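As a plain string of letters, each chain reads:
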Amino acid sequence: MPYNQNMSHLEILLAFGLPPPEIAPDLIATLTTPAFATLISRTTSNHSARHAVFQDFSLALPHEIWLAQQFGLQQDGMAADAIPLALANMQSMGLVPDAAASNSEHWFVLNPVHIHIARDHLVLTDQRQLSIDETESRALFEAALPYFQEMGYFLVYGDACTWFVRADDWRDFQTGTPDAACGHNVTLWMPQGQHALQWRKLQNEIHMLWHSHPVNEARAERGLPAINSIWLWGGASATQHNKQAKTTSSINDFTHVFNLSNRHIGYRQFCQSGGQDCSAADVIQAQPPHGLLTLDALIAPALANDWSDWLAQWQALEENWFAPLLAALRQGRIGQISITLSNNTRLFTFSTTRNSLRKFWLRPTLKKLLS
């Protein structure tokens with residue numbers, strides 16, 4: 001929706017703000033979040049909560065799909081859960097491919113990860129739990145580089161958790177995001193396409209190469225999980241990326257983005273301004289005409305099914321974010337706040353204005369999260 005230049009509108013994406021339905025009543029009964037409850041209870045009169053349902057076993061999580069839609073990343077002919085973010089991330093990290101590159105180039109995000117054995121299948125561990133440092137990542141990257149070169153693929157280092165690979169003949173791959181696959185049987189989220197067996201062979205070779213690598217021997221001595229595999233996702237062609245860059249301004253009107261994770265850093269280039277590691281005070285002071293704030297604190301505990309930590313993170317969000325933002329809304333420093341919450345299959349969006357806060361007869365409650 002177009003923003004009112006005379007009114008600051010802040011949209012907040014709170015991934016995994018919705019608890020799983022089967023335990024939602026117990027978790028919500030434990031939360032004490034009066035500011036957040038006020039924001040989702042006293043919504044605008046012309047706004048009912050928007051509710052979207054996504055398929056189980058999707059290749060991307062609802063909040064990832066929502067972000068891709070907001071920035072026009074998905075285009076005609078793409079699967080609804082495709083997240084072609086590789087080239088956008090590369091550009092935001094200063095890793096711009098040759099300007100004269102052919103539009104046939106196809107790039108992927110490649111993450112060094114840990115995959116562990118469950119009873120009868122392999123499971124991807126949340127990369128946030130691995131504590132990979134630059135020295136370790138560089139050493140593993142250099143060890144893997146010849147394997148990619150031998151197969152004719154171009155490997156590029158981004159940061160400790162993020163690499164990129166050009167593989168033009170994998171352009172038909174359907175790939176799942178790491179967070180979508182995390183905690184599940186990885187077979188369901190492995191790349192699917194004409195050259196899928198080639199990918200699995202390469203992945204197995206990297207696993208064997210890193211199994212006894214000094215990096216992993218040192219990690220084992222420190223009680224850390226091994227970096228024993230790679231995860232491929234986010235495939236994007238130069239043609240797709242160039243088309244997106246030309247059309248995004250007409251699709252998305254965000255003027256500021258705040259606190260995008262490195263995994264989604266590519267979206268930052270499509271906004272006028274923003275920042276990382278911002279506080280509520282920073283966001284309020286910026287008074288963005290149309291800002292986007294992403295809050296990721298609930299993702300890690302939700303993926304780990306650590307609901308005690310999930311509750312603790314929620315209380316910190318209430319104190320550090322929702323209480324000051326509610327105060328700013330009441331004071332007129334922000335004109336409108338929209339909050340989009342998700343879990344692994346659903347999205348809810350609520351929108352509140354300063355005027356709608358006057359609905360004193362609506363008691364603040366979290367029961368809307370149960371519907």
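Whatever comes next refers back to the structure up there.
Since the model is a prediction, treat every value here as computed from it, not as a measurement. (Residues numbered from 1 in each chain as written. Predicted model: local features only at pLDDT ≥ 70, side-chain atom pairs only at ≥ 80, totals over all residues. Heavy atoms only, no water.)

A. Examining the overall build of the chain more closely. Along the backbone of the chain there are twelve helices and 13 strands. The proportion of buried residues among the 371 residues of the chain is 54%. For the chain, contacts bridging at least 24 residues in sequence account for 74% of all contacts bridging at least 6. (Helix = DSSP H or I, 4+ residues; strand = E, 2+ residues; numbered from the N terminus. Buried < 20%, exposed > 50% of the residue type's maximum accessible area, 1.4 Å probe, protein only. Contact = heavy atoms within 4.5 Å.)

B. Spotlight on unusual backbone geometry. Even without being a glycine, Ser131 presents a positive backbone phi close to 55 degrees. Its location among the elements puts Ser131 in the loop between strand S5 (122–124) and helix H5 (134–150). For Asp277, which is not glycine, the phi torsion reads 55 degrees and is therefore positive. Residue position: Asp277 is located in the loop between strand S10 (273–275) and helix H10 (280–286). For Asp277, a relative accessible area of 75% puts it in the exposed group.

C. Broad picture of the packing of H5 against helix H7 (residues 196–211). One can describe the packing of H5 onto H7 by two numbers: an axis separation of 10 Å at closest approach and a directional angle of 140 degrees. If you check the angle between H5 and H7, you find them oblique. Judged by the sense of rotation from one axis to the other, the crossing of H5 with H7 is right-handed. Counted together, Leu140, Ala143, Ala144, Tyr147 and Phe148 of H5 and Leu202, Glu205, Ile206, Leu209 and Trp210 of H7 form the full contact between these two elements. Each residue belonging to the contact of H5 with H7 can be placed in one class, and the counts come to nine nonpolar, no polar and one charged. (Axes fitted to C-alpha atoms, helices over the stretch in contact; angles between N-to-C directions. Parallel < 35°, antiparallel > 145°, perpendicular 65-115°, else oblique. Left-handed = near helix turned anticlockwise from the far one by under 90°. Nonpolar A, V, L, I, M, F, W, Y, C, P; charged D, E, K, R; others polar.)

D. The arrangement of H7 in detail. For H7, which comprises 16 residues, the first-to-last C-alpha distance of 22 Å matches the rise-based estimate of 22 Å (1.5 Å per residue) to within 8%. Every buried residue of H7 is accounted for by Ala196, Trp199, Leu202, Gln203, Ile206 and Trp210. For H7, the angular spread of the buried residues around the axis is 125 degrees, confining them to a single face. Exposed positions of H7 whose direction lies more than 90 degrees from the buried face are Leu197, Lys201, Met208 and His211. Looking at the buried positions of H7, the neighbouring elements they touch are strand S3 (106–113), strand S4 (115–117), H5, strand S7 (162–166), helix H8 (214–221) and strand S8 (229–237). (Expected span 1.5 Å × (residues − 1). Arc of directions from axis to C-beta.)

E. Expanded view of helix H12 (residues 307–331). Its 25 residues give H12 an end-to-end C-alpha distance of 34 Å, which sits within 8% of 36 Å, the value for a rise of 1.5 Å per residue. Glu318 marks the point of greatest bend in H12, at about 40 degrees. (Bend = angle between axes of the 7 residues up to and from the residue.)

F. Spatial organisation of the pairing of strand S11 (residues 290–295). Within S11, six of the six residues are buried, which leaves it mostly tucked inside the rest of the structure. Along S11, one buried face is formed by His290, Leu292 and Thr294 and the opposite face, lined by Gly291, Leu293 and Leu295, is buried too. Bridge count for strand S1 (residues 9–14) against S11 is six bridges, and the pairing is parallel. Its bridge partner lying in S11, Leu13 is registered against Thr294. (Pairing = 2+ DSSP bridges.)

G. Layout of the pairing of S3. Counting buried positions over the eight residues of S3 gives eight, a clear majority of the element. Burial along S3 is two-sided: His106, Phe108, Leu110 and Pro112 and Trp107, Val109, Asn111 and Val113, pointing in opposite directions, are all buried. In this sheet, S8 lies alongside S3 in antiparallel orientation, the contact comprising seven bridges. Each bridged residue has a counterpart across the sheet, and for Val109 the counterpart in S8 is Trp233. The pairing of S3 with S7 spans four bridges and is classified as antiparallel. Opposite Val109, over in S7, you have Phe164 as the bridge partner.

H. Inspection of the nonpolar core at higher detail. Among the nonpolar cores identified, the biggest contains 114 residues, and Phe148, Trp314 and Phe322 are the most heavily contacted of them. Residue contributions to this core peak at eleven residues, all from H12. Phe148 has contacts with Leu110, Tyr153, Leu155, Val165, Leu202, Ile206 and Ile230, leaving out every residue within four places of it along the chain. (Core = buried A, V, L, I, M, F, W, Y, C linked by side-chain atoms within 4.5 Å.)

I. Structural context of a nonpolar patch on the surface. On the surface, Phe360, Trp361 and Leu362 cluster together into a nonpolar patch covering about 380 Å² of accessible area. Here Leu362 is to be found in the segment after strand S13 (346–353). (Patch = residues over 30% accessible without salt bridge, like charges linked within 9 Å, V, L, I, M, F, W, Y side chains within 5 Å. Areas by Shrake-Rupley, 256 points an atom, 1.4 Å probe, with all protein chains shown as cover. Salt bridge = Lys/Arg side-chain N within 4 Å of Asp/Glu carboxyl O.)

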